[in-house]
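Fold and contact review
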Amino acid sequence: METAALVAPVTALEFLQDAFLLSGEGPVLTVYSLQPRPKTCASLSVLQHYRIHGIRPRIPSALRLQSSVIGSYEKKKDGLSSTTGPDFCDLAVFGGKAVRLVRLHDGEHLRLEILGPLMELQDWALDVRWLPEDKHSLLCVAVAHNSALLLDANTGNALVQRSCLEGCLLYSALLLVHESWADTVLIGGTVFNQLVVWKPGGGGESSDCDHKAPVERRLLGHSGVIFNISYLQEKGWLASASDDRSVRVWAVGALGGPEGECGDLNPACLRVLYGHQARVFSVRLSPGKVFSAGEDGACLVWDWARGGTVVRTLKGHRAGGVRALAISEGAGDEATRARWVATGGADGGVRLWRVDESEERKEKREDAVTEKLTDLKFTGQGMPKVVRIAGQEDKNTSWSQCKFVVCTDQGTVYKYNDGQWEMVWKGTPEFQSYCVMETITISVKDSTAKANLCAVGNLNGSIKVFAVSHPQSGILLTAGSGKIHSLIWQEGEQSVYLLASGAEGLVYRWCIEVKLNENFSLSPSVNSLPSFLLPPCAKRWLTASLRLHSTSEGLLWVCGDRRGSLLLFQEGGKSDQKRGADEEEAEKNGSIGDRTHEITEKTDRNEVQDLTLQPLSCLYGVHGKQGVTSVYEYQELLYSTGRDGCVRIFRVCQTPPEKLEESRKNKNETAAENRGRLQLEVLRVQRACKGMEWLERVLILRPEIPDEEEEEEVRDEPEIRGEVVKMEKKGEEARFVILGFHAVHFVVWDPVKQERLLAVPCGGGHRSWSLWPSHKGVWPGYGALVFIKQGSVLASQPPGEAPSWSGRAGGTGGWGLREGFHGRGIGCVCRLGRIKGIGNEIQTRTTEDGDKLKDEVREVEREVGQWEVVVTGGEDTSLTVLAVQPNSGSVRVLSVITDHISSVRTVTAVTRETQSQSLSALLVSAGGRAQMQCYRLVIGCDSQRLAPSCQVIQVASHRLDEQWEKRRNRHKAVKMDAETRYMSVAVVDEKTDCVLLALACSDGAVRLFSVSEGKHQINLLWETFYHQRCVLSVATCRLEDGKGNRYELLFSAATDGKIAVWDLTAASSSLTDTPPIPCLDIPAHQSGVNSLAVWAEKLEQQGGCLVTVASGGDDGQLTVSTIRVQYPEDGNTGGCSGLSQISLQTQPKNHLYLHVHSQSHVPLAHAAPLTALNLLKPGLMVSTSSDQRVCLWRVCSTGISHRGALYSHVADAAGLTVWEGQAMEEEDEKRKTWFESEQDIAICRQRGSQKGLKRMSKTGGRFSNDQETTDAGVEPVETTSETDDPISKMNYEKGEETASECRHQKETDGGEEAEKKREKTGWVLVCGQGLQLLQVTNTEMDEEMWTDDRRQREKKNVNHRLKVTLQGKST
């Protein structure tokens, strides 16, 4: 086995000047280039099975490299600059008990090279520093038992080792090295919450190592252990981050230096900084600020000059916290210096911010938006009722240029500009006491100028429309004789539309243009349009409207009303269709038809008869009774919000023929809907956070690309026939944020990261407000709010000062170098299938056209690799749809679903592959709070983006407590426990109209559900409490006899270690509500059974079949039970083992006869509870455990044999999925070794440097990747059976790790390459605190082939390890 992809917590970050960022993820070292734009360049596995915790560049080489790098970017087209210094940098990478040297080469492409063997220490390395000597590679290493050693990296020998007199354990350490070992100073954070300062050098390198060094200084004050230490030599400050959620800054004076000084005798604590909500993991110091990051997922920037207050909060990671922090040195003087800030999260993501010293004050005001508000001091007559930002649709309008328009209860409109209120328009008395107002920006016809239009409506149906700059040239419109409930502006191609909701559900519409008249003043022109007629309801007026693009069937409008309904109107179709709809409606109920002819509109020019348009489709009350607040379109999908706390993603689609017939029979549907063949279909519902019920709108998240690179990216887009191809993901759901009210705050909420991006204490809903900026519906990462509160007009930002534009890479996520997911833990994983990536390629072919040669350019499709689509569920209550490309190790996040209210424990899918470029799957997820969700996932391949895309369609949801509320006579039954958890799910049967699912529940029940996708329902069929204990896992098996009869078996296992076998044949065929009784009970473990794997094998001669059940439990044991199954027509076999089972005589006729045939055990299959077990192919299993091993097992008639094991880089492994692939395919030679997109989560193999991160280790219990210690020794794995027949299988104990080679490099031996193409490949995906994809190179090898393969790879092994020994006596 070898690793194909890895996503793990980022535990180390280090800047190489301002040119590169180095990160450590598991054992993988990754280099990101920051110039000219941040991107991934190279990756390499360095520390084998250790996790990287620190990266230390060699300073002299780094300085020379920086000058070379800057020159290379400036002269990229002409090649590298002619710099005399070397174009490489040596790095010391350490973590766990290992240290290794790596060289970074700066050439045409960055390249990482391993310089020597892996040096293994006898203690944990906490810090490593280079001694500044050019001749020898000497390293100072601080280890966990408060010791330090001087390490010769060339030989791997410890020249000197010195211990402190206080020999306690350290949680953190910091080495300060000047020129030699003698002046080295070590600061250690002890387990006793103290900081100790001592000198390991003592009297020089020749000093007596037996003499332990005393503690020179001791710093007391923390109430928790110290996780990280930082020292600023310029100020003499020392900062410590602690478990007590605080950061302390100490004035220690000069530490280290030529004399090895230990600072002031009595160090003082200057500041105690409390601001984190959880433990603080990292701290860094700069001359003016303190940077800290912790478990709460935030990086806080503290301003030292302002008493240690937080001036910026950098958030961008999901749950799990920030595990690594790095600050660049920056360029320029201290007053204007700009620094990079990088954070690495437990979600596997790396994010980058730009922090400028000159913008501290602006950032302070921006982050204080939730605390301070600006009163605009309204001075007009009356009380302000409505406030709008004029011109906010214009993306070129900054906050300081915005004009606020306010309408009062006296019917007067005021404008705020340059700190002054100015009256714009004063209405007649009929506009007093009540008015509604809306504004919009429109382009003036035949001119490049733009105008701000304002519309004001009153109680009598009158609407005044005027330009804010020329109110005297306005026009008066009439919308019936009743109250104007709402006004809505909608942009068009060359004009704007005004919709006014009048009496009796009529929505009047006008098309308005603005042009310059003879006096060079703005004059609006109006064209009346047919009105909309809303369905009858109590609150019959419009609250949201959206004009869709023109279609072949006419112009479509999607509207939302105050009753919470979504409506679809069609305009511009056949006139007879509209008249026919009115006539047929009049036949049904003549009142509406008669009313249509009675309603007329009287304008300034003439009288016209209004033809009303009725909705083609209506989703009645879909947003509850409080109404729809907004409708928005983005990339052919529609997003609606309401006061029910939900965002609904829907689309306009064709009505299926069967539903069309039903609608004709339904009296509640109109004839217009029957003819339209168009309907609104809700795909998914997204809820906001708890307590956030009043939602206002959605904004699409801004792409995480620096502004200065946007133009370059456009230039890099492919051109076909001279036209730039726009890479839009049409029909794919976009990342968005939700705007709404949460308690007394106006909030911008990110549903994926579950965090606030903006919060303004406005007082709650029921007020007029306007947000800037809102052009194109995109959230740029910053904003300002103006609103009305208690008769005052307030703003979250002073109007004269614009919010800092550095917020684009600041307070709302920064730039994503790597996208993370599942910051807490992945508890389950499910594979959906494989799709082929298809890309467009431009081919030019020269043809003869008479006497001339003609170039023919055409676009053809080509395959660009295969993607494995998987779904993961985690403790952060989210589901993530991922696409993994095994050849390159690239991982892309396709979609994130956050509908669960508790952790996701199990997931399964029923997949239907439509074609090689797409697949469709019915996904079912379940977990805490007895909640189950069902989705339809449609995965396709975007030929332009060269990556898959995912559309999520919500099918149904179910909760047991809600099911209990619907029961009859529920007062006679015990109420369902709200804390019930679904532990496992399995598909029992796939029917044409429904899918049957069996679920294991923590309350001791096994429940059978039916999922009907057509009816959007999940129904509980029956439940049984046979186990009387928590049921941990379920599995199914389908059997078929010689006559074609099918039988369904269900296996359930609980915490008592027993496995129950159920015959669900009758239950699946008749869907009865009577639960069956188990037909067999198998004792398998001493404690809980966490996972089951089942497969069947036919017996040709004897009849019946053998069903093999493999189980893994909390006792670390692997058990394989073989069950003999006899079909009813074959009669009873009569043979039964002595194991506990239910009498066969209790079984009715036409049922299966089962008995245990044999049982085998591996008592210590893992050193910890076996958490996941899966079947790669019949007879070949894969298991994993929290001991971070992935083991391969062969099961045959004689017992269980251990084929090998691999050390996994995923901690707390909880989920496992496996599949068998096709024969190995030859990879593309032109595939690059660096990443083309920052959105990829990938591990790149450098050419000629890495073949895989890990190789299979043939071991039964321990690991050895050292070639020098590998021998031919073997160790038996004992398996016992119930018949006392011991089976011994010999397995090789030692393993190895191959040399780092590029996996896409061709084999030199053609015969060997042809042999590899015939091999069957297996894939293993392990998830826990991260994700790791493993490749089993040949699943059909027998034991002899496994041995030969081990020996062949052993000969090629040059990536060895070296034990560090001390020359002389050690303390």
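Everything below is about the structure shown above.
Residues numbered from 1 in each chain as written. Predicted model: local features only at pLDDT ≥ 70, side-chain atom pairs only at ≥ 80, totals over all residues. Heavy atoms only, no water.

Further remarks concern the side chain of serine 630. When you line up the elements, serine 630 lands in strand E51 (residues 628-634). By relative accessible area, which is 12% here, serine 630 ends up buried. In this structure the side chain of serine 630 is engaged in a polar contact, spanning 2.6 Å, whose partner is the side chain of threonine 641. Within the structure, serine 630 has its side chain in polar contact with the backbone oxygen of glutamate 696 (distance 3.0 Å). In this view, serine 630 contacts Ala544, Tyr639, Ser640, Thr641, Glu696, Arg697 and Val698; residues no more than four positions away in its chain are not counted. (Helix = DSSP H or I, 4+ residues; strand = E, 2+ residues; numbered from the N terminus. Buried < 20%, exposed > 50% of the residue type's maximum accessible area, 1.4 Å probe, protein only. Polar contact = N/O pair within 3.5 Å; in protein donor to acceptor, adjacent residues only side chain to side chain. Contact = heavy atoms within 4.5 Å.)

Now for the environment of proline 798. Mapped onto the elements of the fold, proline 798 is located in the loop between strand E64 (792-795) and strand E65 (815-818). Other than its neighbours up to four places away in sequence, proline 798 contacts Thr374 and Trp399.

By definition, the strands of a sheet pair up through backbone hydrogen bonds, in either a parallel or an antiparallel sense. With respect to topology, four strands assemble into an open sheet ordered E74-E75-E76-E77, the strand pairing being antiparallel. On the outer flanks of this sheet lie strand E74 (982-990) and strand E77 (1017-1024), each paired with one strand and no other. On average, each strand axis in the sheet is tilted by 25° relative to the strand beside it, whichever way the strands run. Where E74 meets strand E75 (residues 995-1001), seven bridges bridge the pair, whose relative direction is antiparallel. From the neighbouring strand, alanine 986 faces E75, where its bridge partner is alanine 998. (Pairing = 2+ DSSP bridges. Axes fitted to C-alpha atoms, helices over the stretch in contact; angles between N-to-C directions.)

To continue, consider the pairing of strand E13 (residues 147-152). In terms of residue burial, E13 counts as a mostly covered element, since six of its six residues are buried. Of the two faces of E13, the one holding Ser147, Leu149 and Leu151 and the one holding Ala148, Leu150 and Asp152 are both buried throughout. Where strand E12 (residues 138-143) meets E13, six bridges bridge the pair, whose relative direction is antiparallel. Counted as the bridge partner of leucine 139 is leucine 151 from E13. Sheet topology note: the E13/strand E14 (residues 157-163) ladder contains six bridges and is antiparallel.

Moving on, we come to the packing of aromatic side chains. Scanning all chains against the criterion turns up 22 aromatic pairs. Between the aromatic rings of phenylalanine 741 and phenylalanine 746, the centroid separation amounts to 5.5 Å while the plane-to-plane angle is 75°, which identifies the pairing as edge-to-face. By relative accessible area, which is 4% here, phenylalanine 741 ends up buried. Assessed through its relative accessible area of 0%, phenylalanine 746 is described here as buried. Among the aromatic residues, ring-to-ring pairing joins Phe378, Phe404, Tyr414, Tyr416 and Trp421 into one connected group. In this structure, arginine 103 is placed above the aromatic ring of phenylalanine 88, and the distance from its NZ or CZ to the ring centre is 4.1 Å. Lying across the ring of tryptophan 304, arginine 271 places its NZ or CZ 4.9 Å from the centre. (Phe/Tyr/Trp six-rings, centres within 6.5 Å; stacked < 30°, edge-to-face > 60°. Lys NZ or Arg CZ within 6 Å of the ring centre and 35° of its normal.)

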